[in-house]
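One letter stands for each residue in the lines below.
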Amino acid sequence: MTDSLSCYLRNCRIERNDIIPIISERSPYYIIGTLVISKAGGAFLPIDKKLPLEHIQYILEEVNPKNYSLLQHSIYYDYKLNSIPIQSINELDDTYYVLFTSGTIDKPKGVLISHF
């Protein structure tokens, strides 16, 4: 399933180091999402959906992620398509994920975490 969805993201023009937010609670779908984005070559940005809307908007404006509305449609995606294993395009110094501080004193700050 993750290879199929990763192919879907690449077909939607997700490329190396593109930042894709995941606004979700921690669940199996969250884990699948992180794997799919990484396999596609992108970097995931975990965002807790319990954060205040202003906080979420600030993070999204700071990161300026690739068009992530396409991910909302993957629920209707046929996972049997593109069942061939996907080849990795990531380099060790590519961004794996983006982590934001809590921002309790000031505005949240993002940190890029690489694969290595």
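See the structure shown above.
About the thresholds
- Residues numbered from 1 in each chain as written.
- Predicted model: local features only at pLDDT ≥ 70, side-chain atom pairs only at ≥ 80, totals over all residues.
- Heavy atoms only, no water.
- Core = buried A, V, L, I, M, F, W, Y, C linked by side-chain atoms within 4.5 Å.
- Buried < 20%, exposed > 50% of the residue type's maximum accessible area, 1.4 Å probe, protein only.
- Helix = DSSP H or I, 4+ residues; strand = E, 2+ residues; numbered from the N terminus.
- Contact = heavy atoms within 4.5 Å.
- Phe/Tyr/Trp six-rings, centres within 6.5 Å; stacked < 30°, edge-to-face > 60°.
- Lys NZ or Arg CZ within 6 Å of the ring centre and 35° of its normal.

A. Here's a closer look at the nonpolar core. With eleven residues, the main nonpolar core is built from Leu 5, Tyr 8, Leu 9, Ile 14, Ile 20, Ile 22, Tyr 30, Val 36, Ile 37, Ala 40 and Phe 44. Those elements giving two or more residues to this core turn out to be helix H1 (2-11), strand S1 (19-24) and helix H2 (28-40). Beyond its immediate sequence surroundings of up to four residues, Tyr 30 is in contact with Ile 22, Ser 24, Glu 25, Phe 44 and Pro 46. In this structure, Ala 43, Ile 56, Leu 60 and Phe 100 belong to the second largest nonpolar core, which totals ten residues.

B. Looking closely at the environment of Ala 43. With respect to the helices and strands, Ala 43 occurs in strand S2 (residues 43-48). Residue classification places Ala 43 among the buried residues on the basis of a relative accessible area of 0%. Discounting chain neighbours no more than four positions away, the residues touching Ala 43 are Asp 18, Ile 19, Ile 20, Ile 37, Thr 95, Tyr 96 and Tyr 97.

C. Main features of the packing of aromatic side chains. Taken as a whole and assessed by the stated rule, the structure comprises three aromatic pairs. When the ring of Tyr 96 is compared with that of Tyr 97, the centres are 5.6 Å apart and the planes differ by 75°; the resulting orientation is edge-to-face. Exposure remark for Tyr 97: the relative accessible area of 23% places this residue in the partly exposed category. Between Arg 26 and the ring centre of Tyr 30, over which it is positioned, the NZ or CZ distance is 4.5 Å.

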